[in-house]
Amino acid sequence: MNREETLAFCTKCEHQKFERNQGIICSLTDQKGAFLGTCEDFKWDETTPVEQVERFTPVSWGRRLLTYFLDIIVYYFTAVILGIIIYFFNASSLFESINENILGIIIIFIYYFTFEALLGRTPGKMITGTIAVMENGNRLTGKAAAIRTLCRFIPFEQFPFMKSNPIGIHDSMSHTKVVRYDKTIGMKDMDILDVDFE
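For clarity, every value in this text was computed on a predicted model and none was experimentally measured.

Under the defined criterion, the tally for this structure stands at seven aromatic pairs. Look at Tyr111 and Phe115: their rings are 5.4 Å apart centre to centre, the planes differ by 70 degrees, and that puts the pair in the edge-to-face class. Pair noted here: Tyr111 and Phe115 are both in helix H4 (residues 100-118), with a separation of four residues, about one helical turn. Overall, Phe115 belongs to the partly exposed group, its relative accessible area being 27%. One Lys or Arg, Arg121, reaches over the ring of Tyr181 and ends 3.7 Å from the middle of that ring. A cation over a ring is seen here: Arg152 above Tyr112, with NZ or CZ 3.9 Å from the ring centre.

Structure, rendered in structure tokens:
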């Protein structure tokens, strides 16, 4: 993680202190934050507003499970509509050479990647009031959205959600998490066409 990403944690931690030559450092190590993902010694500064705390707290597995089923419903509804459009325009010959399973994987990839890269939210997340963000609370990068989407094809990938702190394989591999949506991490200061792939 770079300095900006670690500062997103350090500035909200009660162990932070300011050192004139280095800026914000950890009072436990007397060094700048140097961790990957999350800091094991992180402790919320109680003066941090509740909205910012929710920005860093993953949602429950029940909410994630509901989001998953809602996205399945929206995906199948979209696939049916696409099928009707293809049939109506007699364009089925365009897809005859493509295996149905491969076509399904392509559609799922486009569905998840497009919504998460541009908005951080699939339709299921919009309904359940959640959003996918980077571990430090920033908006998803295009690279993270692509990794999240590819990891969804790992067999039994959903099983890690069945615990109180639901972090799935697609979360851990992409260094992301799903939190409650609020306007401070929604589209405010986010250009919908400015997707960062670094």
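Another point: H4. With 19 residues, H4 should reach 27 Å at 1.5 Å per residue; the first-to-last C-alpha distance of 27 Å fits that figure. What H4 keeps buried is the set Gly104, Tyr111, Tyr112, Phe113, Glu116 and Ala117. Near the N-terminus of H4, the side chain that reaches the backbone nitrogen of Asn101, with its oxygen 2.7 Å away, is that of Asn99. Where H4 ends, the next residue or the one after it, Gly120, has phi of about 80 degrees, a positive value.

All told, the structure shown has six salt bridges when counted by the stated rule. The closest approach of N and O atoms between Glu116 and Arg148, which form a salt bridge, is 2.9 Å. One end of the pair, Glu116, is in helix H4; the other, Arg148, is in helix H6 (residues 142-151), and 32 residues separate them in sequence. The pair Glu116 / Arg148 is uniform in exposure class, with both members buried. Overlapping salt bridges, with partners in common, bring together Arg64, Glu116, Lys125, Arg148, Arg152 and Asp171 in one network.

With that out of the way, let us pick up the packing of helix H3 (residues 61-88) against H4. Their axes nearest at 11 Å, the elements H3 and H4 cross at an angle of 120 degrees. In terms of orientation, H3 and H4 fall into the oblique class. Of the two possible hands of crossing, H3 and H4 adopt the one that is right-handed. Every residue of H4 that contacts H3 at Asp71, Val74 and Tyr75 is listed here: Gly104, Ile107, Ile108, Tyr111 and Tyr112.

All right, on to the environment of Leu118 then. Among the secondary structure elements, Leu118 is positioned in helix H4. Taking the relative accessible area as the measure of exposure, Leu118 reaches 29% and is therefore partly exposed. Put simply, Leu118 and Arg139 are 21 residues apart on the chain and 9.5 Å apart in space, counted from C-alpha to C-alpha.

Our next topic: H3. Across its 28 residues, H3 extends 40 Å between first and last C-alpha, which sits within 8% of the 40 Å expected from 1.5 Å per residue. Of the residues making up H3, those classed as buried are Arg64, Thr67, Leu70, Asp71 and Tyr75. Those residues of H3 that are buried are in contact with H4, helix H5 (123-128), strand S3 (130-134), H6, helix H7 (169-174) and strand S4 (176-180).

Relative to the helices and strands, Thr122 resides in the loop between H4 and H5. In this structure Thr122 comes out as buried when scored by relative accessible area, which is 0%. In this structure, Thr122 is in contact with Asp71, Tyr111, Tyr112, Phe115 and Glu116, ignoring residues within four places of it in sequence.

Moving on, we get to the confidence of the model for the protein chain. Close reading of the predicted structure is inappropriate where its pLDDT is low. The predicted model of the protein chain has a mean per-residue pLDDT of 78, with 76% of residues at 70 or higher. Within the model, the stretch residues 184-198 combines pLDDT values under 50 with 32 contacts to residues more than four positions away or in other chains.

The rules behind these values
Residues numbered from 1 in each chain as written. Predicted model: local features only at pLDDT ≥ 70, side-chain atom pairs only at ≥ 80, totals over all residues. Heavy atoms only, no water. Phe/Tyr/Trp six-rings, centres within 6.5 Å; stacked < 30°, edge-to-face > 60°. Helix = DSSP H or I, 4+ residues; strand = E, 2+ residues; numbered from the N terminus. Buried < 20%, exposed > 50% of the residue type's maximum accessible area, 1.4 Å probe, protein only. Lys NZ or Arg CZ within 6 Å of the ring centre and 35° of its normal. Expected span 1.5 Å × (residues − 1). Polar contact = N/O pair within 3.5 Å; in protein donor to acceptor, adjacent residues only side chain to side chain. Salt bridge = Lys/Arg side-chain N within 4 Å of Asp/Glu carboxyl O. Axes fitted to C-alpha atoms, helices over the stretch in contact; angles between N-to-C directions. Parallel < 35°, antiparallel > 145°, perpendicular 65-115°, else oblique. Left-handed = near helix turned anticlockwise from the far one by under 90°. Contact = heavy atoms within 4.5 Å. pLDDT = per-residue confidence, 0-100.

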